[in-house]
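Structural features, examined
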There are 2 protein chains.
Amino acid sequence: MADKFMSMRNLKFTLHEVVGSTPLPHATGGNGHTRKSMDMVLDAAFDFAKKALHPIFEEMDRNPPELKEGTVAVHKDVRRIMTTLGKDGWISAVFPEAWGGENMPASLLHAVNFIFASANYSGSVYSGLTMGAATLILTFGSDELKQAFLPPMLEGKWQGTMALTEPEAGTSLGDLTTSATLSDDGTYRISGEKIFISAGDHDGVDNVVHLMLARIEGAPAGVKGISLFVVPKLRSDGNGSLVNNDVTVTQVFHKLGYRGAPITALSIGEKGDCTGYLVGEPNRGLSYMFQMMNGARLEVGMGATAIATAAYHAALDYARTRKQGRRLTDGKGAPPIAIIEHQDVKRMLLFQRAVSEGALSLILQCSRYEDLIHAGPEDQREDYHLLLELLTPVAKTFPSEMGILSTSLSIQCFGGYGYCEDFPVEQHFRDMRIHTIHEGTTGIQGMDLLGRKVVMKSGKALMLLDQEMNQTIEKAQAHPELQKMGNTLSDAKETLATTTQALGGMAMEKGPEAFLANATLYLEMFGHVTIAWQWLAQAVVACDQLAAQGVKKSDRTFYEGKLAVGRYYFIHELPKIGPLAVTLTQPPVTLETDVAHFTD
Amino acid sequence: MADKFMSMRNLKFTLHEVVGSTPLPHATGGNGHTRKSMDMVLDAAFDFAKKALHPIFEEMDRNPPELKEGTVAVHKDVRRIMTTLGKDGWISAVFPEAWGGENMPASLLHAVNFIFASANYSGSVYSGLTMGAATLILTFGSDELKQAFLPPMLEGKWQGTMALTEPEAGTSLGDLTTSATLSDDGTYRISGEKIFISAGDHDGVDNVVHLMLARIEGAPAGVKGISLFVVPKLRSDGNGSLVNNDVTVTQVFHKLGYRGAPITALSIGEKGDCTGYLVGEPNRGLSYMFQMMNGARLEVGMGATAIATAAYHAALDYARTRKQGRRLTDGKGAPPIAIIEHQDVKRMLLFQRAVSEGALSLILQCSRYEDLIHAGPEDQREDYHLLLELLTPVAKTFPSEMGILSTSLSIQCFGGYGYCEDFPVEQHFRDMRIHTIHEGTTGIQGMDLLGRKVVMKSGKALMLLDQEMNQTIEKAQAHPELQKMGNTLSDAKETLATTTQALGGMAMEKGPEAFLANATLYLEMFGHVTIAWQWLAQAVVACDQLAAQGVKKSDRTFYEGKLAVGRYYFIHELPKIGPLAVTLTQPPVTLETDVAHFTD
C-alpha cells in the first residue's frame, strides 16, 4: 500500500498562502489561531491519521460491517478511534469552551477532516457524523437535551447520525411518513422506517443518537410539517440507567465501496415503545436540518477530494517507480523509463492533481467564508453567507463528479495492477462513487444552484462571486505570465453570465421545467469556472513567491509545479464550458423526448 | 435483478436496417445468411444467454475464482456453458465447415457476442477466448497442431488463452523475456512468467491451451524476436495420454470486477519440463498475435458496449417503476411521478442509450467491414481493411471509456440503491472498468490511431472514412429534419481534419513526443465524430421508415426514439470536440511539465 495519502505541503500552502493569505479580522474566543498553532493541529491530525486510520484502510473494506444478533459489528478499532478522537478533543473542537471545545475555525476543521478522510474515508465518518449531529443539538436543542446527549457524544462514546431518508422518500423529503405522537410527559412516540442511515448502529459505541426527521400527528403535509427529534437507540429510564428505545436495525447494506462504515435500515417503534425528544420548535425540522446539511455537503465534497488525493498519491508513487517502455525518441536498446515520463501518464497525473488540489482550494475557500460569517466585519457577514450558500453545491459536486474520473485515471496509471486489490486505487474508485449520491444527488445540487442560489436576492450571490473572481484576476495582471490566464477566466465568467441570462430568459418564456432541465450541466459549467478561479489564485501566490528573493530550491519546484497544473487546467479543462454553454442555451432535448420513446 | 439486459429490437435494427442495409455482395460458403436465418441465430443466442448466462451473473461475481490445490476453481456452471457452446456449434461458428463451423459472418458473430456479454460478461469470455486462440492456430498453425488442438477447443473441452503479458512487460511487449529453446524433436522448452492471463487456468475444462509469446534463444532483441507458441497445460505423451506440462498457476488476482473469470499469473517451465509448439515461423509471433488482437479489441469494445447496455436497461426499468417527487409545475398534493419523468433522469438515460446504442452501431459497422474484406468486391477489399484498421482503436475505446461514465449514470439513476449490491448496476460499473486496460490501454489505442492508423498509406484510411461519412450526410440531406444534423457532422469532420493537419504540422516541427502527447484526446475526439456519424446513419433509417406507409405504432415510437437520441447526441455530446480541438492544437502542456514538478 502506498504510504503517502496526502501532501501536507500542499495543504498548508492552500490553507495559509492561498485561502488564508489575510488573517481573520476578528479572532473570537478560541479562534485566535496563528499559522504556527494551526500547523501544530494539522501535524497532530496527520499523526493520528497515519497511525490509527491509514493502517486499517484496507482491512475495514475487506471486513465490512455485519448485522449480528441485532447489532452491527464493525472493525474493532472503531471504538478506539472514537474514544481517542473524543478524549483528545477532535470531536468537540468546533464547540465553545463550555463544552470542552476550542471554537476551532471552520477552515482548520475542514483541513483536519481532509487529513482524516484521505487516510481512510470510512474510518473518518464516524466522528464527523457525531460532530454534525451534536452541532444540531447544540444549536437548536434545549438545555436538557444538551446536558443529556452532548457529553457522551463529544467524548466519542455515543454515535450521532442524521436520519432523514425513508424507503419511499429519498430526495423527496416532503413525502416522509415517520410519525411522532405527543405523550403526556412532553416526549413523543416515534414510529416509522428509515433507510441509508450512515453509522445507524454499531458496536464501536455504547449508544447511537439519531437526529431524525418525523411528522407530528396533524402536521401540515409536505416539507412544512416536518419536525426534528433526538431518537436514541438507548434512552434514559430516569434512574441513571439506559434502556432499549425500540429502534431496530433491519438491514446493513452491502455496498460498492465505503464499506468500512455501516449504512443501515432502521425500524423505529415497532413495539410502540420508541421515545423521541423534539429539537427546537415543531414543523421547523427541515430548516434546522438544512443548516447542518450545508456543512455536511461541504464535508462530502471534502471526502471526495480526500479520496481523489489519496488515489493520486498512490498513482504518482507508482508512476515514479514503475519502469516500462521508452521515449519515442529513444534509440534501440535504451533502458526502460519510469512511466511518469510518458506524456499520457503525465497528462493523467496532471488531471488528478488539478481536480484534487483545485477542489481542496475551493472547499477551503468556502470554509473561509464560513469563518468570515462569524468573524468578518459585521457589514460583510451577510455577503459571506451568500457566497457560501452559492458555492456549497459546487464544492459538494465538483469533487464528487470529477473524483470519479480522477480515481478512474488513478487506476489507469497502474494498468492491469490498478484493477487488482493489491493496490489501493480500486478501493478509492469504489469509495468515491457514493459522493454524487449522499447528502443530495448531483441532480439536486444542480437544481439548488440554479433554481435557488443563483436567483436568490436577485442574483446578489453571483455578483459577489464575480467580485471575488475579479480581485483574483486583478492580482494576476501584476504577473505578465498570468495575464493570459486572467483574460481567459474573464471570458469564462462572461460565458457563464451569458448562459445564466439565457436560462433566465428560458425560465420566463418556457417555465421552470425548461429552466432547470439541464441544471446539472449548469452546475458542471459553474464548477469549471470556480475551479479555474482557484487555480488562478494558486498561480498568483506561486508567482508572488517565485518573484521573492531567496526562495529555496524545493519551494521553487513546488511553485513551478503549481503553475504547470494551473496551465493544464486552463488549457485542458476550462475550455469544456464552451460546449456546455452551447447545450444549455438550446431548448432542452429532454423536454422534446417523450418517456414513451424509451422503448424496449 | 432486472430481467432485461438488452434490446433484441435494437440489435436487429442495427444489424439489419443500419449496418446491413445492403446484403453482402459475395456470399461465400456458409455465409449465405438471410435476415431470417440471422434472426434465428440471434434468438437462439438470446435463449441461451437468458437461461444459462444471465441467471448466474451475480453468483459468479460473489463467488470469484479461487486457487485450490494448484488449479483454479470457478463457478460450477462454467463447464456446462463451455460444453454446450461447443456442442451447439457456437465456438466453431466462424470456422470453415471442415472444422464443424459455418463460416458465420463477423457481424453476426459480434451480435451474438453482444447478447452473451450483456447477459453476463464474465460468463461470456471463456468461449470467446477459446475461439480467438483457436483462430490463431487455424490461421497460422501446422496441420499437426490443428489436428491436435482444434477439436477439443472447438468442442469447449479445452480452454484457449492469449498469454502475452509479463510482470515487467505489459504494454511494452518488446521487453518480454519468456524463453524458448529448440529441442531435438522440433518442439521447444519454454521457461518464463506470464501475468494477467484471462482464464489462464480453471476447473471448468479438461485442459488449457496457451497461445504464448516467447523469445527463441538467440532471437533479435525487441519486437522482432518474438515467436508464437502453443503451450498446453497438459501435453500429449505420444501414447494417447495427457501429462503435466509444467505450467503452474502462481496467483489468481482479486479484482475490482470481471470476477466471474479468473485472471492468473503463470510460471512456465519451473522444472524445465514445459514443451511449446511453434506456430508458423520463428520471430513472427507478434504479427500473428496482432491479427487476432484487432478482433480481440473489437471484442473488448463489444464487451463494454454490452455491459453499458445491460446497465442502461436496469436503470430504465427502475426509472419507469420507481415513483418519487413531482414535476416542478405540479400543484401541491399531486401524486409522485415515475422518476423517468424528471428531466435530469431522462437526460441520464439518453446519455446511456446514446453511448450503448451508438457504440453497438459502430462495432457492427466495423464487423461489417470485416465481412466485406472477405466477401466484398475484390478491388475494394483493401479499402475495407483500411477502414477496419482505422476504426478498431475507436471501437475499442469509445465504449470502454464512455462506458465508465454510462454505467456510473446507471448507478446515479438508482440513487442510493444503485450503490448497493441489491441491484446489478454497481457490478456493471465494476465489470466495465477493465475495458480501458485489457488488450491495450486507452493510451496505447490513442497512439495506434494517431501514430499509425491515421498516417498509414498517406492518410488513405481517413480519406475513406470521410467518404463513408459523406455518404451518410448525403442521405440525411433527403430528410429536411436531418439537414441540420448533416451539416453539423460536416463541420465536425472539418474540425477533425483541421486538428489532424495541425498535429501533422506539430509532428514535423516538434517531433513525435509532441505529436503524440495528447493522442488519447485525439482518440476521444475521433470517437465523438464517428459515433455522431453512426447516430446520423440511424436517424436516416428512422426517417426513411417513418416516411413509409403503414408503419406500426410501436415501430413509429421506436424510430421516433432513435431520432430523439440522435438529437441528444448532436446537442449534448458532439459539441465536446470543440475544446478538444482547442487543446490538441496548442503546444502540449505535458512537454512543458517536468516530472520534478510533481512534488510531494
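Please read all numbers here as calculations on a predicted model, not as lab measurements.

Moving on, we come to the overall build of chain A. Assigned secondary structure in chain A consists of 19 helices and twelve strands. In terms of C-alpha radius of gyration, chain A reaches 24 Å, essentially the compact-globule figure of 25 Å for 600 residues. For chain A, the C-alpha atoms occupy an extent of roughly 80 × 60 × 60 Å along the three principal directions. By residue count, 64% of the 600 residues in chain A fall in the buried class.

Time to look at the packing of aromatic side chains. Residues and elements named next belong to chain A. Evaluated as defined, the whole model comprises 41 aromatic pairs over all chains. Between Tyr318 and Phe414, the ring centres sit 4.3 Å apart and the planes meet at 25 degrees, which makes this aromatic pair stacked. In this pair, Tyr318 sits in helix 8 (residues 285–321) while Phe414 sits in helix 10 (residues 381–414), placing the two residues 96 residues apart along the sequence. A single burial state applies to Tyr318 and to Phe414, both of which are buried.

Quick look at the side chain of B:Thr499 now. Residue and element names in this part refer to chain B. For Thr499, the location among the structural elements is in helix 14 (residues 483–510). Among the polar contacts listed, one links the side chain of Thr499 to the backbone oxygen of Thr495, at a separation of 2.7 Å. Beyond its immediate chain neighbours, meaning those up to four positions away, Thr499 contacts Met525, Ala581, Leu584 and Thr585.

A few words on the relation of the copies chain A and chain B. Each copy superposes on the other: chain A lies on chain B with an RMSD of 0.0 Å after a rotation of 180 degrees and an axial shift of 0.0 Å. This pairing of chains is accounted for by a two-fold axis. Comparing interface residues between copies, 100% of those in chain A also lie at the interface in chain B; the contact surface is shared.

When the UniProt feature table is mapped onto this chain, "domain: Acyl-CoA dehydrogenase/oxidase C-terminal" (unreviewed entry) is found at residues 283–448 of chain A. Helix makes up 72% of residues 283–448 of chain A and strand makes up 0%, while its end C-alpha atoms are separated by 22 Å.

With eight of its eight residues buried, helix 11 (residues 425–432) of chain A lies for the most part within the structure. Residues A:Val425, A:Glu426, A:Gln427, A:His428, A:Phe429, A:Arg430, A:Asp431 and A:Met432 constitute the buried set of helix 11 of chain A. Packing partners of the buried residues in helix 11 of chain A comprise helix 3 (57–62), helix 8 and helix 10 of chain A together with helix 10 (381–414) and helix 11 (425–432) of chain B.

This part is about the nonpolar core. Across soluble globular proteins, you tend to see nonpolar side chains buried next to one another. Within the largest apolar cluster, 422 residues are counted, with the highest numbers of intra-cluster contacts made by A:Leu11, A:Leu349, A:Tyr522, A:Phe526, B:Leu11, B:Leu349 and B:Phe526. Setting aside chain neighbours within four positions, we find A:Tyr522 in contact with A:Leu449, A:Leu450, A:Val454, A:Leu462, A:Leu496, A:Thr500, A:Leu503 and A:Leu584.

So, about the pairing of strand 12 (residues 275–279) of chain B. All names here are of chain B. Most of strand 12 is tucked away, with five of its five residues classed as buried. Bridge count between strand 5 (residues 188–198) and strand 12: two bridges; the pairing is antiparallel. The residue of strand 12 that forms the bridge with Arg189 is Thr275. As paired elements, strand 7 (residues 227–232) and strand 12 share three bridges and run antiparallel to each other. Considered in strand 12, the bridge of Leu228 is made with Val279.

The subject of this paragraph is the pattern of salt bridges. Any two side chains of opposite charge can pair, given that their charged atoms come close. Across all of its chains, the model carries 68 salt bridges over all chains by this definition. A salt bridge links B:Lys562 to B:Glu357; the nearest nitrogen and oxygen atoms lie 2.6 Å apart. Of this pair, B:Lys562 sits in helix 17 (residues 553–573) while B:Glu357 is found in helix 9 (residues 343–375), placing the two residues 205 residues apart along the sequence. You'll find B:Lys562 and B:Glu357 in the same group, each marked buried. Ionic pairing is found between B:Glu573 and B:Lys576, a salt bridge with its closest N-O pair at 2.8 Å. Among the ionic contacts, a cluster of salt bridges with common partners joins A:Asp61, A:Arg62, A:Glu421, A:Glu426, A:Arg430 and B:Arg259.

Take unusual backbone geometry next. Residues and elements named next belong to chain A. A positive phi is found at Tyr258, a non-glycine position, where the angle reads about 55 degrees. Tracing the backbone through its elements, the reader meets Tyr258 in the loop between strand 10 (247–252) and strand 11 (263–268). Take Tyr258: its relative accessible area is 3%, and that puts it in the buried class.

The next subject is the packing of helix 13 (residues 460–477) of chain B against helix 14 of chain B. Residue and element names in this part refer to chain B. Viewed as axis vectors pointing N to C, helix 13 and helix 14 meet at an angle of 165 degrees, and their least axial separation amounts to 8 Å. Classified by the angle their axes make, helix 13 and helix 14 are roughly antiparallel. In this structure, helix 13 crosses over helix 14, and the sense of that crossing is left-handed. Where helix 13 approaches helix 14, its residues Leu462, Asp466, Met469, Asn470, Ile473, Ala476 and Gln477 are matched on the opposing element by Gln483, Gly486, Asn487, Leu489, Ser490, Lys493 and Thr500. Among the residues forming the contact of helix 13 with helix 14, the class breakdown is five nonpolar, seven polar and two charged.

To continue, consider the interface of chain A and chain B. Taken residue by residue, the interface counts 98 residues in chain A and 98 residues in chain B. Contact between chain A and chain B buries roughly 8900 Å² in total, counting both sides, with carbon and sulfur atoms accounting for 59%. If you sort the residues of chain A by the area they bury against chain B, A:Tyr419, A:Phe598 and A:Asp600 come out on top, with a joint share of 10%. Counting across the interface, chain A meets chain B through eight salt bridges. A:Asp175 is paired through a salt bridge with B:Arg326; the nearest N and O atoms lie 2.8 Å apart.

Another point: the side chain of A:Thr500. All names here are of chain A. Tracing the sequence through the fold places Thr500 in helix 14 (residues 483–510). Here Tyr522 takes part through its side chain, which lies 2.8 Å from a polar atom of the side chain of Thr500. Ignoring any residue separated from it by four or fewer positions in sequence, one finds Thr500 in contact with Val454, Leu462 and Tyr522.

This next bit is on the UniProt feature "domain: Acyl-CoA oxidase/dehydrogenase middle" (unreviewed entry) in chain A. UniProt tags residues 162–267 of chain A as "domain: Acyl-CoA oxidase/dehydrogenase middle" (unreviewed entry). End C-alpha atoms of residues 162–267 of chain A are separated by 15 Å, and the span's content is 0% helix alongside 47% strand.

Okay, the pairing of strand 7 of chain B next. The side chains of a regular strand alternate, residue by residue, between the two faces of the sheet. All names here are of chain B. Counting buried positions along strand 7 yields six of six residues, so the element is predominantly enclosed. Note: strand 6 (residues 207–216) against strand 7, six bridges, orientation antiparallel. The residue of strand 7 that forms the bridge with Ala214 is Ser227.

Calculation rules
Residues numbered from 1 in each chain as written. Chains lettered and ligands numbered in written order. Predicted model: local features only at pLDDT ≥ 70, side-chain atom pairs only at ≥ 80, totals over all residues. Heavy atoms only, no water. Helix = DSSP H or I, 4+ residues; strand = E, 2+ residues; numbered from the N terminus. Rg over C-alpha atoms; globule rule 2.2 N^0.38 Å. Buried < 20%, exposed > 50% of the residue type's maximum accessible area, 1.4 Å probe, protein only. Phe/Tyr/Trp six-rings, centres within 6.5 Å; stacked < 30°, edge-to-face > 60°. Polar contact = N/O pair within 3.5 Å; in protein donor to acceptor, adjacent residues only side chain to side chain. Contact = heavy atoms within 4.5 Å. Least-squares fit on C-alpha atoms with pLDDT ≥ 70 in both. UniProt positions renumbered as here; feature names shortened; annotations may be inferred. Core = buried A, V, L, I, M, F, W, Y, C linked by side-chain atoms within 4.5 Å. Pairing = 2+ DSSP bridges. Salt bridge = Lys/Arg side-chain N within 4 Å of Asp/Glu carboxyl O. Axes fitted to C-alpha atoms, helices over the stretch in contact; angles between N-to-C directions. Parallel < 35°, antiparallel > 145°, perpendicular 65-115°, else oblique. Left-handed = near helix turned anticlockwise from the far one by under 90°. Nonpolar A, V, L, I, M, F, W, Y, C, P; charged D, E, K, R; others polar. Buried area = accessible area lost by both parts, 1.4 Å probe.

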